[in-house]
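Commentary on secondary and tertiary structure
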Amino acid sequence: MNHLNVDVAIIGAGSAGMSAYRAARAHTDRIVVIEGGAYGTTCARVGCMPSKLLIAAADAAHAVAMAGRFGVVTAPAAIDGVAVMRRVREERDRFVGFVVEAVEAWPEAHRLRGHARFVAQHELDVGGHTRVTAGRIVIATGSRPHVPAGWRETLGDRLVVNDDVFAWTDLPASVAVVGTGVIGLELSLALARLGVRVRLFGRSGRVGPLTDPDVAAKARAIVGAALDASLDAHDLMPTRHGAVVTLRWTENGTRHEEDFEYVLAATGRVPALDGLGLEHAGVPLDEHGVPQAGRHTRRVGRSHVFIAGDASDEAALLHEASDEGRIAGDNAGRYPDTIVRPRRTPLTVVFSDPQIALAGESHAQLLARGARFAAGSASFDDQGRSRVMGRNLGIVRVYGEADSGRFLGAEMIGPAAEHIGHLLAWAVQHGLTVQQMLDSPFYHPVVEEGVRTALRELKAALDLPAPPLAGCLDCAPAAAV
Ligand SMILES: Cc1cc2nc3c(=O)[nH]c(=O)nc-3n(C[C@H](O)[C@H](O)[C@H](O)COP(=O)(O)OP(=O)(O)OC[C@H]3O[C@@H](n4cnc5c(N)ncnc54)[C@H](O)[C@@H]3O)c2cc1C
Ligand SMILES: NC(=O)c1ccc[n+]([C@@H]2O[C@H](COP(=O)([O-])OP(=O)(O)OC[C@H]3O[C@@H](n4cnc5c(N)ncnc54)[C@H](O)[C@@H]3O)[C@@H](O)[C@H]2O)c1
């Protein structure tokens, strides 16, 4: 058994762990990052990047399918599944290669391979071969897919999760995608556009992270029109006979049945804390067994343990994992004089088509905290530039604070949502009022003009005293143009 004594041990060399390492290293050279799996991060290997590569292929197929509406005559797109998956894997491997290179450039003494588990408050067993004694410990172990009980046993290799999809060497003929969260939406729409027979199953009628009833209703209609979807399926029961998986479910009081080649479980992700021996870490755990950290310090209680990224059961997003890693690593390095760091305004983007974006506070969050707010909305179905591009589908709803007119947040499904989401999140973070946003530049013709329509409706709904004309531009009576 080897023994190692360090100031900071980081468990997990994913996005959060890598950023924790860089921050902690500014304080100490007595540091180790422990990785039990492959280097390369979930984001690059089986998450953000390969999913966007698959979506890019689907977008190309869709552009061909839609070309006719512009008078551009093409033959029907022929999808070469082997070539599609080859590009996904090759480009993915390139991204992974850069990450692995970055980790392998760290001093060898800072890298340890093996599964880590707490054996005492300051002591970790790593793979049964090394004992690490650490002054501070950062947990950055990520998340793993949650699969409904019994499905693995029933379905065997016909049950797949996101990791498996990106290892495919060809596209399958048919897939049942279960779960209408972010992964379910992105992958089901992409696979359907690539010619795979897909049915998307949900159980609550919810679509992605949307909470605004108007936006969610529009999203349900869009998804329902884009592919076979059973968004309110009950008693979903998969069984396997040879190579065929049969799904049976109840919808609108009727029992249905359909055969597929695979079932893709996109039924959520849970913090990867199993087997970590947290009972020995001496830290408080919540009812799900997850250590609760201060959002702005990443420190668990008053302990020497910090947690960052998907492991912490907060927003499971890449930029949040990196930020949390930076805060956790810095505070582990400067411990016990930890500092409070700012966080960014929430922003979520779903790379469906049309895309979904949530910026600032969601509709549900505003209701939950009893905020006094008004809403404005605009449809993209007839919006000028969206129609020009043949992408006129969607809705945006924007929220502003009563009395102050401060912009609070937005939810949307529609064209260019990844960009509009950023614009709106930045407006929230910088504390802009709805009037200040309306007085900002809007080019013509752009999709953002749809957002302006929603902001004008919001301004009217807020019904604030009219600002003096000398102080604002987008003001009545001439603002309608
Ligand atoms: C299909 C998919 C698509 C996604 N798309 C996006 C997107 O478009 N945009 C976005 O912002 N986010 C996206 N995400 C989410 C994003 O990938 C994650 O939020 C992010 O990768 C989390 O990083 P992490 O460092 O917390 O975890 P990881 O990168 O998973 O790192 C955790 C590491 O810890 C290691 N580990 C675990 N337990 C132990 C142990 N006991 N001992 C030693 N090592 C251990 C693991 O092997 C792993 O390497 C997507 C996720 C998925 C699954
Ligand atoms: N674009 C992005 O940023 C992006 C993309 C993919 C993943 N992610 C991250 O990864 C996380 C995990 O994604 P996800 O889609 O797996 O989780 P999710 O929590 O977003 O969605 C899971 C869905 O599965 C449903 N579900 C669970 N069990 C079910 C069952 N037995 N039958 C039917 N439905 C069931 C849930 O009701 C939920 O709607 C996301 O929350 C997100 O933070 C982000």
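Residues numbered from 1 in each chain as written. Chains lettered and ligands numbered in written order. Predicted model: local features only at pLDDT ≥ 70, side-chain atom pairs only at ≥ 80, totals over all residues. Heavy atoms only, no water.

Just so we agree on the cut-off: UniProt positions are given in the numbering used here, feature names are shortened, and annotations may be inferred rather than shown by experiment.
In the annotation of an unreviewed UniProt entry, the entry for the chain reads Dihydrolipoyl dehydrogenase, and the organism field reads Massilia cellulosiltytica. According to its UniProt record, the chain has this under Sequence similarities (unreviewed entry): "Belongs to the class-I pyridine nucleotide-disulfide oxidoreductase family."

1. Here's the deal with the sheet that holds strand 19 (residues 355-360)
Two pairing modes exist for strands in a sheet, parallel and antiparallel, and in both the strands are linked by backbone hydrogen bonds. Quick reminder of the rule: One bridge is not enough; two strands pair if DSSP finds at least two bridges between them. A helix here means a DSSP run of H or I that spans at least four residues, while a strand means a run of E at least two residues long, and both kinds are numbered starting from the N terminus. Lines fitted to the C-alpha atoms define the axes, with helices restricted to the stretch that makes contact. Angles between their N-to-C directions range from 0 to 180 degrees.
Reading across from one edge, 18-19-22-21-20 is the order of the five strands in this open sheet, with antiparallel pairing throughout. Edge positions in the sheet fall to strand 18 (347-350) and strand 20 (373-379), since each has one partner strand and no second. Within this sheet the neighbouring strands show an average axis-to-axis angle of 10°, counted without direction. Pairing of strand 20 with strand 21 (residues 395-401), which is carried by seven bridges, proceeds in the antiparallel orientation. Within strand 21, the position partnered with Phe 373 by the bridge is Glu 401.

2. Brief notes about the site of ligand 2
Note the threshold: Residue proximity to a molecule or strand is established when one non-hydrogen atom of the residue lies within 4 Å of it. Under this definition, polar contacts are N or O atom pairs within 3.5 Å; protein pairs additionally need one hydrogen-donor-capable and one acceptor-capable atom, and for neighbouring residues in sequence, both atoms have to be side-chain atoms. Only the protein chains shown count as covering a residue, and every accessible area follows the Shrake-Rupley method with a 1.4 Å probe. Three categories are distinguished: nonpolar for Ala, Val, Leu, Ile, Met, Phe, Trp, Tyr, Cys and Pro, charged for Asp, Glu, Lys and Arg, and polar for the others, with Gly belonging to the last.
Near ligand 2, the surroundings consist of 16 residues, among which Val 182, Ile 183, Glu 186, Ala 316 and Val 349 are the closest. Between ligand 2 and Glu 186 there is a distance of 2.8 Å, counted from a nitrogen atom to a side-chain nitrogen or oxygen. Contact distances for ligand 2 include 3.5 Å between an oxygen atom and a backbone N or O atom of Ala 266. Across the complex, the protein chains shield 74% of the 840 Å² of accessible surface that ligand 2 would expose by itself. With three residues, helix 7 (residues 182-193) is the single largest residue contributor to the shell around ligand 2. Among the residues forming the shell around ligand 2, the class breakdown is nine nonpolar, four polar and three charged.

3. Side note on the UniProt feature "domain: Pyridine nucleotide-disulphide oxidoreductase dimerisation" (unreviewed entry) in the chain
Under the local residue numbering, the UniProt record ascribes the feature "domain: Pyridine nucleotide-disulphide oxidoreductase dimerisation" (unreviewed entry) to residues 348-454. In the segment residues 348-454, helix accounts for 34% and strand for 29%; the C-alpha atoms at its two ends are 20 Å apart.

4. Side note on the side chain of Arg 343
Note the cut-off: The contact criterion used is simple: two residues touch if any of their non-hydrogen atoms lie within 4.5 Å.
Within the fold, Arg 343 resides in the loop between helix 9 (318-334) and strand 18. Among the polar contacts made by the side chain of Arg 343, one reaches the main-chain carbonyl oxygen of Arg 295 at a distance of 2.8 Å. Reaching out from Arg 343, the side chain makes a polar contact with the side chain of Glu 320 at a distance of 2.8 Å. Not counting residues within four places of it along the chain, the set of residues in contact with Arg 343 comprises Arg 295, His 296, Arg 298, Glu 320, Glu 324 and Ile 327.

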